[in-house]
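Chain residues, written in single-letter form:
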Amino acid sequence: MNATVATSVFGGFMLLTVVLGLLAVRGRGSGGGLTEWSVGGRSLGTVFIWVLMAGESYTSFSYLGAAGWGYNSGAPVLYVLAYMSCGYALGYVVGPMLWAYARRHGLVGITDMIAHRYRSPWLGAAVALLATVCLLPYIQLQITGMGVVVSTISYGAISLNWAYFLAFAVTTGFVVVSGLRGSAWVSVLKDILVIGTLGFLAVYVPLHYFDGYGPFLDRIVAEKPQWLTFPGHASGGLGSVWFVTTTVVNSLTVVIFPTTVAGYLGARNADALRRNAMYLPFYNVLLFVPMLLGMAALFVVPGLVGADSNLALFKLVVDSLPAWAVGLIGAAAALSSIVPMAVFMLVIGTMWGRSVLGALSRTGGGAAGEASGEGRPGASGGRQKLWSQLVVVVAGALALLLTYTAPDTLVRLSLISYEGMAQLVPMLLLGLVWRRLTRGAAVCGLVAGFALVCVLVFGGHDPVWGMNAGIVALAVNVAVALLVTWLGPRDTDERPDAEVLALEDEFPRDGALPQGGAVSPPVSS
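Residues numbered from 1 in each chain as written. Predicted model: local features only at pLDDT ≥ 70, side-chain atom pairs only at ≥ 80, totals over all residues. Heavy atoms only, no water.

(A) Representation of helix α22 (residues 469-487) within the structure. The first and last C-alpha atoms of α22 sit 27 Å apart over 19 residues, in line with the 27 Å expected at 1.5 Å per residue. For α22, the set of buried residues is Ala469, Gly470, Val472, Ala473, Leu474, Asn477, Ala481 and Thr485. Close packing links the buried residues of α22 with α11 (240-254), α19 (417-421), α20 (425-433) and α21 (439-458). (Helix = DSSP H or I, 4+ residues; strand = E, 2+ residues; numbered from the N terminus. Expected span 1.5 Å × (residues − 1). Buried < 20%, exposed > 50% of the residue type's maximum accessible area, 1.4 Å probe, protein only. Contact = heavy atoms within 4.5 Å.)

(B) Layout of the side chain of Thr403. Residue placement: Thr403 occurs in helix α17 (residues 380-405). A relative accessible area of 6% places Thr403 in the buried class. At 2.6 Å, the side chain of Thr403 and the backbone oxygen of Ala399 are in polar contact. If we skip the residues at most four places from it in the chain, Thr403 touches Gln140, Ile143, Thr144 and Tyr164. (Polar contact = N/O pair within 3.5 Å; in protein donor to acceptor, adjacent residues only side chain to side chain.)

(C) Quick peek at the environment of Ser73. Here Ser73 lies in the loop between α5 (65-72) and α6 (79-105). Sequence separation of Ser73 and Pro231 is 158 residues, and the distance between their C-alpha atoms is 8.1 Å. When sequence neighbours within four positions are dropped, the list of residues in contact with Ser73 reads Gln226, Trp227, Gly232, His233, Ala234 and Ser235.

(D) Helix α7 (residues 110-117), seen in detail. In terms of burial, α7 is largely enclosed, as eight of its eight residues are buried. Within α7 the residues assigned to the buried category are Ile110, Thr111, Asp112, Met113, Ile114, Ala115, His116 and Arg117. Of the residues flanking the end of α7, it is Arg119, one or two places downstream, whose phi is positive at about 50°.

Shape descriptors only; they carry no functional weight alone.
And the structure:
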């Protein structure tokens, strides 16, 4: 009976998720083009941008990983709050910059921006391949996370394999049809459930198990003091230096992460992004809840080891709450997987449809001045949208297949996801503000940084000298890029600065672009 009630509640919310995705594009027809599908027609206001970008940052990790980190290590998990808050501060500046640059030139993602900045479609395609390697593990991890949640809240009635397939089917179905706008609509439902369920658990668990926060915290101080200081308990040396360096490199990375940039480009105007950067830190307060409840589980369900520690929060939920509440909390956790997974899939599809398959089409004889995909049905924008939707299905199916057959493959790749993506920071951000950075220098820096990340991470040297390996590689990346810029050949790009750089006058406060906001066609050379 418990399984029936919990899965019925959960199933109802999954059906509502699909309906919301369909309603999001009702009346818009099928001719919205790539821009409408991939960045919501650049028309999302502050509320939708807020819930969408909060949805990307509040994933199944927040229910599983954050609680598991709290259970296993304690204090080091606070790096999540630190880097997100610092990233939002950087996003106040970077978000409007990337939004204006993309809108001015008719671009729909970071691979587009890189191809335009360096006048090199092949470089955009190469970055798309690299970004896919870094993003695909997140799809697999969200599928795995949702599978664990669904199997747990169904009291084992739904097997892990069926739960994995459910995650893939629901997410793929609504993102192919509704794109970024559908993800924003579903984010509203997700945020209502997340805020409600975590607010309830923040009060219920300490009262139910410890008679309040006072006795709970007193018990942690008395019995588990090492969980409250760096380097935490059994954390492998994640001390204060690691904490600071991880915060720095992750805060730099999160502002250029392809899914974050998709949120930027979906905004109606630059002010929506500035307001969003101010409001998002309030959402992060919720992350304290699973972290604290993970430590509470130390006393309630002791002895969890390995992957089972990620179930610390749900062990408390299933053991003490009625089935309908378990189903409700499970739906909130599942939507925390579906929303970011949808954006990851959408971004991979857009990068391939636009920068890889689209570039191949132009190279293979298409007109150099083909439409940029700014919503003109029947032109290249329509073909790129179709390609992107097909890639979404392929990427999701590949992640699902590897979840079944080789679960450890993508999990190992996920080790370099953030630190690998960090190596794009000089190529993108430095390149958009400094004209002298040449294509050769940016590529040399990227190759050096990414190679060093792989050597350090897969060689078991992360942290290195107590520091996050990503920031060591990023320092090498920047040094190589600067050295090649100064010693190598000069830039031969004859375009004016307004065409190449993200200039200050491109960041209007009201969203209006200077000079009428003319859109440039994609570069074909």
